[in-house]
Amino acid sequence: MVRFPVTAEFEHVDVLIIGAGISGIGMGHYLTTKQPGRTFAIVDGRDAIGGTWDLFRYPGIRSDSDLHTFGYEFKPWRSDNAIADAEEILDYLHEAVEENNLAGRIHLGHKVLRAHFSSEDARWTVTLRCNGDGEQFDVTCNILFSAAGYYDHSGGYTPRFEGTEDFGGLIVHPQQWPQDLDYTGKKVVVIGSGATAVTLIPAMAERAAHVTMLQRSPSYVVPVPRRDPIANTLRRLLPDTVAYRITRRMNTARQSLIYHGSRRYPALVRRLIRSLNTRALPDGYAVDTHFSPTYNPWDQRMCMVPDADLFTAISRGKASVVTDRIARFTERGILLESGAELETDVIVTATGLQLVAFGGVELHVDGRQVDIHDCLAYKGMMLGDVPNFAFAIGYTNASWTLKVDLVCDHLCRMLAHMDRHGYTAVTPVSAPATPRRPLFDMAAGYMQRSVRLFPQQGSDGPWALEHSYAADRARLRNGPVEDPALRFTATHAAAAAPADDEVAIA
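The following paragraphs examine the structure supplied in this document. Here the structure is a predicted model, which means the values were calculated and not measured.

Reading the values: rules and limits
- Residues numbered from 1 in each chain as written.
- Predicted model: local features only at pLDDT ≥ 70, side-chain atom pairs only at ≥ 80, totals over all residues.
- Heavy atoms only, no water.
- Helix = DSSP H or I, 4+ residues; strand = E, 2+ residues; numbered from the N terminus.
- Phe/Tyr/Trp six-rings, centres within 6.5 Å; stacked < 30°, edge-to-face > 60°.
- Buried < 20%, exposed > 50% of the residue type's maximum accessible area, 1.4 Å probe, protein only.
- Lys NZ or Arg CZ within 6 Å of the ring centre and 35° of its normal.
- Salt bridge = Lys/Arg side-chain N within 4 Å of Asp/Glu carboxyl O.
- Core = buried A, V, L, I, M, F, W, Y, C linked by side-chain atoms within 4.5 Å.

In the Ramachandran plot, W298 falls in the positive-phi region, its phi being about 70 degrees despite a non-glycine side chain. As for its position among the elements, W298 is in the loop between α9 (287-290) and β11 (303-306).

For the structure shown, the criterion picks out 24 aromatic pairs. On the basis of an interplanar angle of 90 degrees and a centroid distance of 6.4 Å, the ring pair of Y150 and F454 is categorised as edge-to-face. With a gap of 304 residues between them, Y150 in the loop between β6 (136-146) and β7 (170-172) and F454 in the loop between α12 (445-448) and β24 (456-457) connect regions that are remote in the sequence. Since its relative accessible area comes to 1%, F454 is described here as buried. When the ring of Y220 is compared with that of Y295, the centres are 5.4 Å apart and the planes differ by 80 degrees; the resulting orientation is edge-to-face. Here Y220, found in the loop between β9 (210-215) and β10 (221-224), pairs with Y295, found in the loop between α9 and β11; they are 75 residues apart in sequence, far enough to count as distant. By way of ring pairs, the aromatic residues F56, Y58, Y150, Y151, W400, F440 and F454 are connected into one cluster. Its guanidinium or amino end placed over the ring of Y183, R207 lies 4.4 Å from that ring's centre, counting from NZ or CZ.

Evaluation of the coordinates by the stated rule reveals 25 salt bridges. For R263, the salt bridge is made with D299, and the minimal N-O distance between the two is 2.8 Å. Of the two residues, R263 is situated in helix α7 (residues 240-264) and D299 in the loop between α9 and β11; the sequence distance between them amounts to 36 residues. Residue R263 is classed as partly exposed on the basis of its relative accessible area of 36%. Each member of the salt-bridge network shares a partner with another, and the members are K34, E73, D409, R473 and R477.

Counting 145 residues, the largest nonpolar core has L16, W124, V126, L144 and F145 as its most contacted members. Per-element tally for this core: the top contributor is helix α11 (residues 400-421), with 11 residues.

When you line up the elements, I258 lands in helix α7. Judged by its relative accessible area of 43%, I258 falls in the partly exposed class. For the pair I258 and W298, spaced 40 residues apart in sequence, the C-alpha to C-alpha distance is 9.1 Å.

Treat this as a map of the structure, not an account of what it does.
This is the structure we're talking about:
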């Protein structure tokens, strides 16, 4: 693992990156390689890099995308496992930090609270709080980049259950998993049917007496191989970079085919998934009761289970599924609306996540607080009428990092364009009459609960959010930087070089 030096204080950088997870480290690479003369720093409110992959510590945590597309475009994934656990992903991220010499630029334990942009100076003044002593201090930057994702790290979502105080066992949310929790030989109920639940259940079933997945309604659960035989064969025959490039293209195309096929032929895809589930489960299993959702495929994100491990746990009798509604918690477990009672020792509330936009940072422009929900997203990476601010939010219908790579590359191209023409600020100028719709076009509960926290998208042009890697690649990687919706400006005060004592230690 990379050893991080004692944080060096800094007062000004060209680019300040919020978040030291997969997006922030990726942006660090692109700045290092494509903008080598530019100063930057990466700040994170947590005390470790990795973001999601360090935050969540529950049993079995893993990716639900293959690492040949979830990994960076610039860094081959060399493990035999295409579906990887958190430890492997963290090792990969630490390697990226070391290979790009980013350790000295990462400042952990520093949470960004708010940021004020001055059009006169073309600079952000950013207020940070140090975890250690709670001290707040300001730094300045020309470009502010949010790589904070959209998970609220302070806590997940748990609905109110009547009788919670009556339960005599332990109630745990996956986001606050106790590291000393011993569930060996105990009965466990996992409430939920999403990606977290289907990950937890087979992992816990190895030690628990029995694990029950209690769901209000089913989700689509699709078995996938943990190891990609084509990718691993190519790695044996070709140089890593070549094999990775081929695998990445094939898997990206496959993701697109599955998503768009699901949207166009939902009934056919539903039948195919049901057939996969039926083959993976015991004869006579109630597939339609427990694994047949009421919504169409990809109306919500599908749950991927490597090597059908969830179905294997069910087939072995180590796990089971109950589809019912909760009436209340009792002293011994959970009373269902059907009248049945699930006796249990441990209840895991895998009931969803809380989302937050840009890590909860308050944005102000010339003294005016930005209403993030009132903003339109420009090319899915900037905010309308907010200068010198960009963000990375990955795909919901494909691997997150596919979009992050494109956004980081496009921002570097934009910075190079500004340098060539002497510009110090860039602002997407939104058209007020543009029809608006939510940024996230999915019915998942955690997204619907948080829709007002995020910017909106328009109906066409750069204001419409693409759900296609091919379309985004054409627009962000190969398309021009200049755009009628962008306003580039030059500010004399900001163009002047900062004094030596203002330059970051980088």
